[in-house]
Amino acid sequence: MTDSNHSKLTLSVLIPVRNEGLNVAIMLKFLRAILEVPHEVLIVYDDPTDTTLPAVKALESSYPNTRAVFNNLGLGVANAIRTGVTHSQGEYILIFAAD
């Protein structure tokens, strides 16, 4: 996405994850089917060995509006949400559970 596309984003979907590799593809497919506004999806993880990362990388070409964001504030959902909010570029934010 170019910077001009980011300025037009309506929604940022934050998905805090921990080893959700199997669920990510399902969640992204679901979000694509229901969202009708310009959006980005931020997969927020806090462990570099998280099984979600290979799944996100495998889906990058099918879901170009999706990116993985490392939570450097510390472990936990609250810190993952804070990190996601900091990196979000949409006008609105939706926090979505991966499980």
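The rules we used
Counting starts from 1 at the beginning of each chain's written sequence and moves along it residue by residue. Two thresholds apply to this predicted model, a pLDDT of at least 70 for residue-level local features and 80 or more for giving and counting side-chain atom pairs, whereas whole-chain, interface and lining totals are computed over all residues. Note: side-chain values were computed over all heavy atoms of the structure, leaving out hydrogens and water. Orientation is described by axes fitted as lines to C-alpha atoms, over the contacting stretch for helices, and by angles from 0 to 180 degrees between their N-to-C directions. Secondary structure is summarised from DSSP: a helix means a run of H or I of at least four residues, a strand means a run of E of at least two, and numbering begins at the N terminus for each. Definitions for this section: a left-handed crossing has its near helix turned counterclockwise from the far helix by less than a right angle. A right-handed crossing has that turn clockwise. The criterion used for residue contact is that any of the two residues' heavy atoms lie within 4.5 Å. Three classes are used: nonpolar for Ala, Val, Leu, Ile, Met, Phe, Trp, Tyr, Cys and Pro, charged for Asp, Glu, Lys and Arg, and polar for all others, with Gly counted as polar. For salt bridges, the criterion is a side-chain nitrogen of Lys or Arg within 4 Å of an Asp or Glu carboxyl oxygen. Here's how the labels work: a residue is buried when its accessible area is under 20% of the maximum for its type, exposed when over 50%, partly exposed in between, all with a 1.4 Å probe on protein chains only. Any Phe, Tyr or Trp ring, taking Trp's six-membered ring, that has another such ring centre within 6.5 Å forms a pair; planes under 30 degrees apart are called stacked, those over 60 apart edge-to-face, and the others tilted. Exposure above 30% relative accessible area and the absence of a salt bridge qualify a residue for a patch, where like charges join within 9 Å and nonpolar side chains (Val, Leu, Ile, Met, Phe, Trp, Tyr) within 5 Å. To be clear on the numbers: accessible area is Shrake-Rupley with a 1.4 Å probe, and residue cover counts the displayed protein chains and nothing else. By definition, the arc is the one covered by directions from the helix axis to the C-beta atoms.

## Quick look at the packing of helix α2 (residues 21-34) against helix α3 (residues 52-59)
(1) Moving on: Close contact between α2 and α3 brings their axes to 7 Å; oriented N to C, the two are set at 35°. Like other packed secondary-structure pairs, α2 and α3 cross with a definite hand, here right-handed. Listed contacts from α3 to G21, V24, A25 and L28 of α2 are T52, A55, V56 and L59.
(2) Moving on: Taken together, the residues that form the contact of α2 with α3 break down as six nonpolar, two polar and no charged.

## Notes on the pattern of salt bridges
(1) Moving on: Inspection of the entire model under this criterion finds two salt bridges.
(2) Moving on: For R18, the salt bridge identified is with D46, shortest N-O distance 2.7 Å. Remark: D46 occurs in the loop between β2 (39-45) and α3 and R18 occurs in the loop between β1 (11-16) and α2; sequence separation between them is 28 residues.
(3) Moving on: A relative accessible area of 42% means that R18 is categorised as partly exposed.
(4) Moving on: The class of D46 is buried, set by a relative accessible area of 11%.
(5) Moving on: Between R67 and E40 there is a salt bridge, with the nearest N and O atoms lying 3.1 Å from each other. Of this pair, R67 sits in strand β3 (residues 66-70) while E40 sits in strand β2, placing them 27 residues apart in sequence.
(6) Moving on: Relative accessible area serves as the criterion here: at 28%, R67 is assigned to the partly exposed category.

## Looking at the packing of aromatic side chains
(1) Moving on: Under the definition given, this model contains two aromatic pairs.
(2) Moving on: A ring pair is formed by F30 and F96, whose centres lie 6.0 Å apart and whose planes are at 25°; its orientation type is stacked. In this pair, F30 is assigned in helix α2 and F96 in the segment after β4 (92-95), connecting sequence segments 66 residues apart.
(3) Moving on: You can call F96 buried: its relative accessible area is 16%.

## A word on a nonpolar patch on the surface
(1) Moving on: A cluster of nonpolar side chains, namely V85, I93 and I95, defines an oily patch on the protein surface of about 230 Å² accessible area.
(2) Moving on: When you line up the elements, I93 lands in strand β4.
(3) Moving on: Since its relative accessible area comes to 38%, I93 is described here as partly exposed.

## Focus: helix α4 (residues 77-87)
(1) Moving on: What α4 keeps buried is the set N79, A80, T83 and G84. Projected onto a plane normal to the axis of α4, the buried residues spread over an arc of 140° and lie on a single side. Turned more than 90 degrees off the buried face of α4, the exposed positions are V77 and T86.
(2) Moving on: Contact partners of the buried residues in α4: β1, β2 and β3.

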